[in-house]
Structures are given as C-alpha cells and as structure tokens.
Amino acid sequence: LNEFELIQKLKDGDEQAFKSLVETYQDMVFNTAIGIVQNAEDAEDIAQEVFIRIFRSIHTFKGESKLSTWIYRITTSCALDLVRSRKSKKRFAFLQRLFGDGNEPIYEVPDFYHPGVAMDQKENAAKLFKAIEQLPDNQKVAFTLHKLEDLSYQEISDIMKTSVSAVESLMHRAKQNLRKILEKEAG
Amino acid sequence: MYMKKETNRKVEEILDSLNGVKRISTPDFFYTRLKARLDKGMEPRRSANPVLRPAYAIGILALIITFNVISLIKHDKTAMPTASAPSDSENTQSIASAYQLDDNSVYDLNLEK
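Residues numbered from 1 in each chain as written. Chains lettered and ligands numbered in written order. Predicted model: local features only at pLDDT ≥ 70, side-chain atom pairs only at ≥ 80, totals over all residues. Heavy atoms only, no water.

*Asks:* So what's going on with the overall build of chain B? Residues and values would help.
*Replies:* When you go through chain B residue by residue, the secondary structure sums to five helices and zero strands. Taken from the N to the C terminus, the helices and strands of chain B come in the order α-α-α-α-α. (Helix = DSSP H or I, 4+ residues; strand = E, 2+ residues; numbered from the N terminus.)

*Asks:* With reference to specific residues and values, describe the environment of Glu-168 of chain A.
*Replies:* When you line up the elements, Glu-168 of chain A lands in helix H8 (residues 164–186). For the pair Glu-168 of chain A and Pro-115 of chain A, spaced 53 residues apart in sequence, the C-alpha to C-alpha distance is 28 Å.

*Asks:* Tell me about helix H1 (residues 3–11) of chain A, and name the residues and values.
*Replies:* Residue and element names in this part refer to chain A. Three or more residues of H1 are buried, namely Leu-6, Ile-7 and Leu-10. The buried residues of H1 occupy an angular sector of 95° when projected down its axis, which confines them to one face. Measuring from the backbone nitrogen of Phe-4 back to the side-chain oxygen at the start of H1 gives 3.1 Å, which picks out Asn-2 as the cap. Downstream of H1 by a residue or two, Gly-13 has a phi angle that is positive, lying close to 80°. (Buried < 20%, exposed > 50% of the residue type's maximum accessible area, 1.4 Å probe, protein only. Arc of directions from axis to C-beta. Polar contact = N/O pair within 3.5 Å; in protein donor to acceptor, adjacent residues only side chain to side chain.)

*Asks:* Describe the interface of chain A and chain B, with residues and values.
*Replies:* A common measure of how large an interface is: the accessible area buried when the components associate. At the junction of the two partners, chain A supplies 42 residues and chain B supplies 29 residues. Interface of chain A and chain B: buried area, both sides summed, is about 3600 Å²; carbon and sulfur atoms make up 61% of it. Counting across the interface, chain A meets chain B through six salt bridges. One salt bridge connects Glu-149 of chain A with Arg-23 of chain B, and the closest N-O pair in it is separated by 2.3 Å. There are 12 residue pairs in polar contact (both at pLDDT 80 or more) connecting chain A and chain B. Looking at the side of chain A that touches chain B, the elements that each hand over two or more residues are helix H2 (15–37), helix H3 (40–57), helix H4 (67–99), helix H5 (122–132), helix H6 (137–148) and H8 of chain A. Counting residues per element, the side of chain A that touches chain B draws most heavily on H3 of chain A, at 11 residues. Grouping the amino acids of the side of chain A that touches chain B by side-chain chemistry returns 22 nonpolar, seven polar and 13 charged. (Contact = heavy atoms within 4.5 Å. Buried area = accessible area lost by both parts, 1.4 Å probe. Salt bridge = Lys/Arg side-chain N within 4 Å of Asp/Glu carboxyl O. Nonpolar A, V, L, I, M, F, W, Y, C, P; charged D, E, K, R; others polar.)

*Asks:* Account for the pattern of salt bridges, naming residues and giving values.
*Replies:* In a structure, side chains of opposite charge can pair up when their charged atoms sit close to one another. Tallied over the entire structure, the rule returns 15 salt bridges over all chains. For Arg-84 of chain A, the salt bridge goes to Asp-137 of chain A, with nearest N and O atoms at 3.0 Å. With a gap of 53 residues between them, Arg-84 of chain A in helix H4 and Asp-137 of chain A in helix H6 connect regions that are remote in the sequence. For Asp-137 of chain A, a relative accessible area of 24% puts it in the partly exposed group. Taken together, the salt bridges that share partners define one network made up of Asp-45, Glu-49, Arg-53, Asp-81, Arg-84 and Asp-137 of chain A together with Arg-37 of chain B.

Right, here's the structure in full:
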C-alpha cells in the first residue's frame with residue numbers, strides 16, 4: 001500500500017488503513033511528543049490525540065507535503081499546546097500560592113530521563129532537557145526534531161513551513177541559548 | 001581561566017548528550033487504547049470552540065453594542081418632531097375625528113337607550 005493509496009483509503013474511512021497508518025507512524029509521533037513534553041504519559045496522550053485528529057481531518061490533507069511532514073506538524077502543534085497549558089497552570093498555581101495561605105503545592109515538572117539515552121549520559125541529558133524546556137517554542141521544535149528525530153534542516157523547514165536558512169538560524173540561536181542556560185546552571 | 005574552560009567542557013558535554021539517542025517505542029497496546037478512545041469519541045484536551053474565545057466574544061459584544069447605538073441614534077432622529085410633521089396631539093385628534101370619537105358619542109348612544 002503506497003502513501004497515495006493509504007490516504008485514499010483513509011479518506012474512505014477504511015479501518016484497516018487507519019491501523020496501518022498508526023502502526024507506521026506511532027513511534028515517530030510518540031518520540032517527537034516525548035521530546036517536547038518530556039513525560040511518557042503525556043506523550044502517549046498526545047500521540048492518541050494526533051491520530052484522532054488525523055482520522056477526523058484526513059479529508060483536508062491535500063497532498064501538498066509528505067504525509068509524515070503533515071503528521072509531524074500536527075504532533076508538534078499538539079505537544080506545544082500541552083506545554084503552554086502546563087505553563088499557564090504553573091502560573092495560576094503560583095498566583096494561588098501568592099494570594100492563598102501558602103500551603104498550595106507548586107506544580108513542578110520532575111527531571112526527565114529519556115529512555116533512549118545511554119546510561120552514562122542520562123544525567124547530562126536530563127540537564128539538557130531542562131534547558132530545552134526554557135527555549136522559545138520554535139527553537140524548541142527545531143532542536144528537538146533535529147536531535148531526537150535526526151531530521152535534516154530541509155525536512156524541519158518543511159514541517160515548520162519556513163526556509164532552510166531560517167531553520168539554520170533557529171538552531172544557531174537554540175544552541176546559543178542552551179549554552180547560556182547551562183553555563184548559568186554550572187556557574 | 002581554568003574554571004571557565006572546565007565550565008565550557010561541561011556545557012559541551014551536556015549539549016552532546018543527545019548524540020546517538022535511540023528512538024523509543026510506543027507503549028504496548030497503543031492501538032487498542034487509541035481505538036477505545038476513538039470509539040468513545042472522547043477527547044481529554046478538546047480544543048475550545050473558537051466562538052467562545054475571548055477575542056471573538058469581545059468582538060461580538062462590540063458589534064452588538066454598535067448596532068444598539070446605531071439603532072438608538074436612528075430612532076431618536078425619527079422620533080424628533082419636525083416643523084412640517086404633525087405633533088402627537090394633532091395626530092390623536094385627527095384619528096379621533098375620523099372614527100367619530102371626539103364628542104363623547106359613546107355616552108350619547110348609551111343615553112338614547
């Protein structure tokens with residue numbers, strides 16, 4: 001079943017085609033999501049949401065980009081939505097603590113240990129993930145896709161609907177910012 | 001100088017810690033859970049109806065207020081008496097005379113009975 005046939009069958013509501021799509025792309029979606037949200041449970045929740053969105057909006061896919069590019073786009077968008085809602089929850093909890101009696105617990109994200117990182121690099125990777133969390137959204141997406149999904153700048157530019165030079169600039173700024181954050185932490 | 005070099009080395013080491021990271025697999029029975037959620041038609045993080053977003057709500061409210069103000073101004077203009085137009089009492093008089101209600105005829109009729 002090639003990509004075109006798969007899309008046609010998905011548009012016809014073929015359940016077997018949907019199962020095939022999920023089996024093909026589930027690891028890609030889960031990996032991308034876990035890199036951004038830095039939590040396995042949230043990543044699975046996002047992966048489910050991504051496939052539900054695909055199922056419901058496949059008729060809007062015009063085939064102007066590769067199917068994987070479209071799926072990456074949906075995944076990063078869903079993951080960033082979760083990160084944003086988590087941040088607003090954190091802000092709200094801070095305000096509650098400020099104006100409350102001070103006993104409300106602060107919503108803190110624990111250190112994230114990526115299961116795919118070599119054992120001797122776990123601690124360093126956890127520090128890096130903590131720093132990645134502080135990056136602006138577009139730098140976070142570019143860096144995560146490049147490092148975790150091993151995508152080229154061309155592929156990232158297709159996903160982010162931008163130019164290759166813009167991705168290069170994003171990556172450069174991401175590395176600069178990460179250095180600053182990590183130096184501050186180390187110093 | 002040594003400290004700065006050491007910090008730089010540490011930072012570079014951290015930055016390189018994701019090199020060679022392995023892709024992880026989705027948890028087991030992912031499709032089963034996904035299918036159950038699809039069948040249930042349940043979405044925990046359903047995106048809010050765009051019409052309920054504050055920007056839309058404020059826009060719609062502003063539009064309603066504008067329409068109200070415009071209709072109020074228009075109503076005021078039409079209600080304002082002009083020199084050529086007859087006043088309310090003149091109108092009442094002409095209607096009353098047209099239906100012969102200007103000379104207490106109702107009472108006269110009752111008296112005749």
